[in-house]
Each structure stands twice: as structure tokens, then as C-alpha cells.
Amino acid sequence: MSVTKTPNYCGVSPAGVFKYPNLTKPDFGTDDYPKPSGEYNVRLVLPEAQAKRLQNELKGTLERAKTEATEKFAALKVEQRKKLGKVTVQEVGSVVYDKDTEQPTGDVEFKFKMKASGLNDKGERWENKVHLFDAKGNPLDNVTVWNGTVGKVSFEAAPYFVPSSAACGVTLRMKAVQILELKSGGSRDAKGYGFGVEEGYEHKPVEEFVGGRDTWDEKLPKDYTPNEHEFTTVSMDSSDVPF
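Residues numbered from 1 in each chain as written. Predicted model: local features only at pLDDT ≥ 70, side-chain atom pairs only at ≥ 80, totals over all residues. Heavy atoms only, no water.

K.L.:
Please explain the packing of aromatic side chains as it appears in this structure.
P.N.:
This structure, assessed with the given rule, holds 2 aromatic pairs. Each ring, one from Phe-112 and one from Phe-155, has its centre 5.6 Å from the other, and the planes form 55°; the classification is tilted. Of the two residues, Phe-112 is situated in strand S6 (residues 104-115) and Phe-155 in strand S10 (residues 150-162); the sequence distance between them amounts to 43 residues. Pair check on accessibility: Phe-112 and Phe-155 agree, each one buried. One aromatic cluster in this structure is built from Tyr-9, Phe-112 and Phe-155. (Phe/Tyr/Trp six-rings, centres within 6.5 Å; stacked < 30°, edge-to-face > 60°. Helix = DSSP H or I, 4+ residues; strand = E, 2+ residues; numbered from the N terminus. Buried < 20%, exposed > 50% of the residue type's maximum accessible area, 1.4 Å probe, protein only.)

Right, here's the structure in full:
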């Protein structure tokens, strides 16, 4: 008798702020924690109310992870079970703390990831990429996504269990990303560099002249008439023109 496998939950996150996005180039990790196959990932920061909404959507997957982990934990060798003690549940999402006050900021962070490459059952190599879309649903190419970008993530939620630590939880597999407000190279504002509003010098941009004679005419008084001393007539032949 075949056992019907429970399908994973698929959904779209609320709009949030991207943190450490690796969406166009794979993340291969570090020397201590390498990722040989590469990984696309992003941390989505949501205010508490929006985070609760996403966590509620994932409650069923988390309960499934607990059930499956309990069964897999019971199947471990008795020595390992005695050493680990019990199954540890990892909640979905991490509370964000202020670096200075070490108090909760009211935001919650969710990590989404996608494998960049791998091997199929036949030993053939496959490669992945993140499909990016703009706010209107148009595909995006040749963009660089930086911290502070605002967007949504299409994902698949799957339960996991780690036998070596007896930890279980939900992994969020990224499928695609919609960019609502793009931050890319050179587009950071003062806040992005850590500056706030201060008392002092404020730059007033000089209005740039764009246009021809009609634009100048609009800036002259209506009763203005040029006199003969304002203009000089120069006669030129074709040999004087440099082009």
C-alpha cells in the first residue's frame, strides 16, 4: 500500500525589506561554512504584524515538522537519543534586536534560500536561478539587488529534521522574487549610510537650464525688448564652421 505524501505549502510573503540579498549571484559560503553547490538567499525583514500573518500561514507545516521529527527521533539509536535528550523545535522567523540597546526592534526576519546547482538521479548537473519581476510583473534582467530593496518572495515551505542535533523546523525554499522598490549600486540615501537629520548646512539645488530660446523667453519680463547694445552681429562663411 502506497503512502500519499503531503504536498508542501506554497505561498507569497508580505512585502518586506531585503537584508543581505544574494539573488543574482550564488552565495558559496565561507571557508568555515562552505556551500559548494552555491545558494541564492535573502533575509526578509517584516514588522511584527506582517510577520504574524506569515507565521500563521506556516503553522500547519511546523506542526507537520514536529510530527515527522518525533517519528524520526524515535528511530535513532538509543545512545544517540539519550545524548540528544529530545527534539528541539526551531520557530519560524527570528526576532530582530537593536545593536545598541539589545532590545527587540519590533521586526522579525525570515530567511529564504534556493540551491544554485546540483545533480539529478542520473548524475546530470542542473543549475538554478532566481526569477525576478518588477511591481507590474515584468521580468527583470541585469539588475543588482542591494540591502534595503523592498519586495515579496514566492516560496515553498518544507519541514526538516536534523538527526545530529534533533532540531526540526520549516525551511523556506525561494521560487521567485518581486521587486517593489529597488536599491542597487550607488542608490543608497543618507539613511543607508547611517546618517540622520541634523541642524546645519542644507544644500539648495541650483535650477538647471534645459531647453532653447523658448525656455529663456519664459524667464524674461513680458515687456522686455532687447536694445542694440545687447547683441553683436558676426558674419561667417562656410569655411569658419568647424563641422
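K.L.:
What's the story with the side chain of Asp-27 in this structure? I'm lost.
P.N.:
With respect to the helices, strands and loops of the structure, Asp-27 is situated in strand S2 (residues 16-29). A polar contact is formed between the side chain of Asp-27 and the side chain of Lys-35, at a distance of 3.1 Å. A polar side-chain atom of Asp-27 sits 3.3 Å from a polar atom in the side chain of Asn-41. Discounting chain neighbours no more than four positions away, the residues touching Asp-27 are Asn-22, Lys-35, Gly-38, Glu-39 and Asn-41. (Polar contact = N/O pair within 3.5 Å; in protein donor to acceptor, adjacent residues only side chain to side chain. Contact = heavy atoms within 4.5 Å.)

K.L.:
I'm lost on the pattern of salt bridges in this one. Help?
P.N.:
Pairing between side chains of opposite charge can happen when the charged atoms of each approach one another. All chains considered together, the criterion is met by 10 salt bridges. Asp-27 is the partner of Lys-35 in a salt bridge, and the nearest nitrogen-oxygen pair spans 3.1 Å. Overall, Lys-35 belongs to the partly exposed group, its relative accessible area being 23%. In this structure, Lys-183 engages Glu-181 in a salt bridge whose closest nitrogen and oxygen atoms are separated by 3.9 Å. You can call Glu-181 partly exposed: its relative accessible area is 42%. The network of salt bridges with common partners includes Lys-19, Arg-43 and Glu-109. (Salt bridge = Lys/Arg side-chain N within 4 Å of Asp/Glu carboxyl O.)

K.L.:
Is there a simple way to think about the layout of surface pockets in this case?
P.N.:
Over the atoms, a rolling probe the size of a water molecule traces out where space has been left empty. Considered as a void within the structure, the second largest pocket measures approximately 470 Å³ in volume. For the second largest pocket, the lining is made up of 14 residues, of which Glu-91, Lys-111, Tyr-160, Val-170 and Thr-171 are closest to its centre. Those elements giving two or more residues to the lining of the second largest pocket turn out to be S6 and strand S11 (167-181). The dominant element in the lining of the second largest pocket, judged by the number of residues it contributes, is S6, at 4 residues. Its residues placed into classes, the lining of the second largest pocket shows 5 nonpolar, 4 polar and 5 charged. (1 Å grid on protein atoms, 1.4 Å probe; cavity = no way out; pocket = protein on both sides within 12 Å on 5 of 7 lines; lining within 4 Å. Points joined across faces, edges and corners; volume = space filled by probe spheres on them. Nonpolar A, V, L, I, M, F, W, Y, C, P; charged D, E, K, R; others polar.)

K.L.:
Any chance you could explain the pairing of S10 here in plain terms?
P.N.:
Note on strand geometry: in a regular strand, side chains alternate between the two faces of the sheet. Two elements, strand S1 (residues 9-12) and S10, share 4 bridges in a ladder whose sense is antiparallel. Within the sheet, the bridge partner assigned to Cys-10 lies in S10 and is Glu-156. Summarising the sheet, S10 and S11 pair through 13 bridges and their orientation is antiparallel. Residue pairing for S11: Pro-159 is matched across the bridge by Val-170. Linking two consecutive strands that pair antiparallel, namely S10 and S11, is a turn of 4 residues; a positive phi of about 60° is found at Ala-166 within it. (Pairing = 2+ DSSP bridges.)

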